Structures are given as C-alpha cells and as structure tokens.
Amino acid sequence: AAGITTVAAARAAGRGGLVAALGSGAAAASALWDAAHGRDDRPVVPGLARRRTIGAECNWGVRPADGADAERLVGQLAASLAARLADGRALAGSVTLKLKVRRPGAGEPHKHLGHGICDNLARSGVVAGAPTRDAARLAAVGVRLLRAAAPGGGGGGSSVPAAWARELRGVG
C-alpha cells in the first residue's frame, strides 16, 4: 500500500504513514509497525508446529460395502493422520473431512477403481478439548462429520446409510 513493499519501507513510513497507507486498518498498521521494529509478544511454544495443514486421503479404490465400512475407512485415515502429526510434532485443533461422492447418473470411471465423476463435499469440525494427535479422538470427529454429511445426517445421525456409503469414491 502506498509504495510500502518492504519492512524497511514500513519502518521509514512511521506509524502515522502506515495508518494513512492502510486506511481504517489502524490495528493492522500498529501490528506491522511493531513487527518492523522486532516487537512480538506472542508466546513461543518450542517444538510444536503452528498453523500447519497436515492431511491424509484416499481417492482410489474407495468402495465401502456399507456405512460401517465407510466409518472404518475414516478411522484408518485418522490413524494415518495421527502418525503424520506425530512425525511433524504438531497437534490438530480442527478436522476437515473431504468426500468424493459418485455423481448421480455417472457411469463407471475410465480408470479401474478410480473415482470418476464425483460431487465434492467438505465438512469441518473442532476437536473437543485441547488440540490432539490422538487417532481415536481424530476418528471420532471424522465419523461425526461423515454422519453429518450423509443424507438426513444434518443432526449427526447414528449411522451412515449403506446405499450412500457405497457411492463414496474418495475420503480425506
């Protein structure tokens, strides 16, 4: 904004110049001013990655036999995700479940066991309590989101309809 493209330019502009350049973003100008002068009062948490996205997904060969099979797949992906979180020394505070559901009327995919033409759905939820890398807690959130995504599952029903589960072609 207003020719300010480097930290040095932000320092040179002064606090008033930053406020003028950023308009009504006085809070942003103040934060930028502090950062340009090496002031940062955020706590340091050694060893934990912050604001990092780590995922696990499968979109080839997904053909659940029924709702329980779909929920088992979510549990397996949660275990894989937990291992990746541990490797990255990270914790998950939220989970996003991405689903590929065969589009009604879509024929067989060109690639054997591929996902073919699908509708993509995504549901997000917060991990209850503190952030975690525990596979069971991640699976519980994932299954709740899967049930909520299923037809009639807006209330987070108790199971995934088998007919809908058989249309799943990708889970992540």
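Above this note sits the structure.
This structure is a prediction, so every number in the text was calculated from the model and none was measured. (Residues numbered from 1 in each chain as written. Predicted model: local features only at pLDDT ≥ 70, side-chain atom pairs only at ≥ 80, totals over all residues. Heavy atoms only, no water.)

The topology assignment puts Arg 169 in strand E3 (residues 168-171). For the buried Arg 169, which has no salt bridge, the nearest side chain bearing the opposite charge is Glu 167, at an N-O separation of 4.4 Å. (Helix = DSSP H or I, 4+ residues; strand = E, 2+ residues; numbered from the N terminus. Buried < 20%, exposed > 50% of the residue type's maximum accessible area, 1.4 Å probe, protein only. Lys, Arg positive; Asp, Glu negative; His and termini not counted. Salt bridge = Lys/Arg side-chain N within 4 Å of Asp/Glu carboxyl O.)

Attention shifts here to the nonpolar core. Counting residues in each nonpolar core, the largest one holds 30 residues, and the members touching the most others are Leu 97, Leu 99, Leu 138, Leu 146, Trp 164, Leu 168 and Val 171. Every element with two or more residues in this core is listed here: helix H3 (67-87), strand E1 (94-102), helix H4 (135-149), helix H5 (162-165) and E3. Looking at this core, the element that brings in the most residues is H3, giving eight residues. Within the second largest apolar cluster, six residues are counted, among which are Ile 4, Leu 18, Trp 33 and Ala 36. (Core = buried A, V, L, I, M, F, W, Y, C linked by side-chain atoms within 4.5 Å.)

What follows concerns empty space enclosed by the protein. If you roll a probe as big as a water molecule over the atoms, it shows you where there is empty space left. Within this structure, the stated rule accounts for one cavity of 30 Å³ or more. In this structure, the largest cavity encloses a volume near 40 Å³. What lines the largest cavity is Arg 63, Arg 102, Ala 106, Gly 107, Glu 108, Pro 109, His 115, Gly 116, Ile 117 and Arg 169. (1 Å grid on protein atoms, 1.4 Å probe; cavity = no way out; pocket = protein on both sides within 12 Å on 5 of 7 lines; lining within 4 Å. Points joined across faces, edges and corners; volume = space filled by probe spheres on them.)

The side-chain alternation of E1 yields one buried face, formed by Val 95, Leu 97, Leu 99 and Val 101, and one unburied face, formed by Ser 94, Thr 96, Lys 98, Lys 100 and Arg 102. The pairing of E1 with strand E2 (residues 118-126) spans nine bridges and is antiparallel. Following the sheet pairing, Val 95 is matched in E2 by Gly 125. (Pairing = 2+ DSSP bridges.)

The next thing to look at is H4. At 3.6 residues per turn, the α-helix brings residues three or four places apart onto the same side. For H4, which comprises 15 residues, the first-to-last C-alpha distance of 21 Å matches the rise-based estimate of 21 Å (1.5 Å per residue) to within 8%. Buried within H4 are the following residues: Leu 138, Ala 139, Val 141, Gly 142, Val 143, Leu 145, Leu 146 and Ala 149. Summarising the contacts, the buried residues of H4 are in contact with H3, E1, E2, H5 and E3. (Expected span 1.5 Å × (residues − 1). Contact = heavy atoms within 4.5 Å.)

In the structure shown here, the tally under the stated rule is eight salt bridges. Here Asp 34 makes a salt bridge to Arg 39, at a shortest N to O gap of 3.7 Å. The residue Glu 71 makes a salt bridge to Arg 147 at a minimum N-O spacing of 2.9 Å. Placement of Glu 71 in helix H3 and of Arg 147 in helix H4 is noted, with a sequence separation of 76 residues between them. Several salt bridges converge on common partners, so that one network encompasses Arg 15, Asp 34 and Arg 39.

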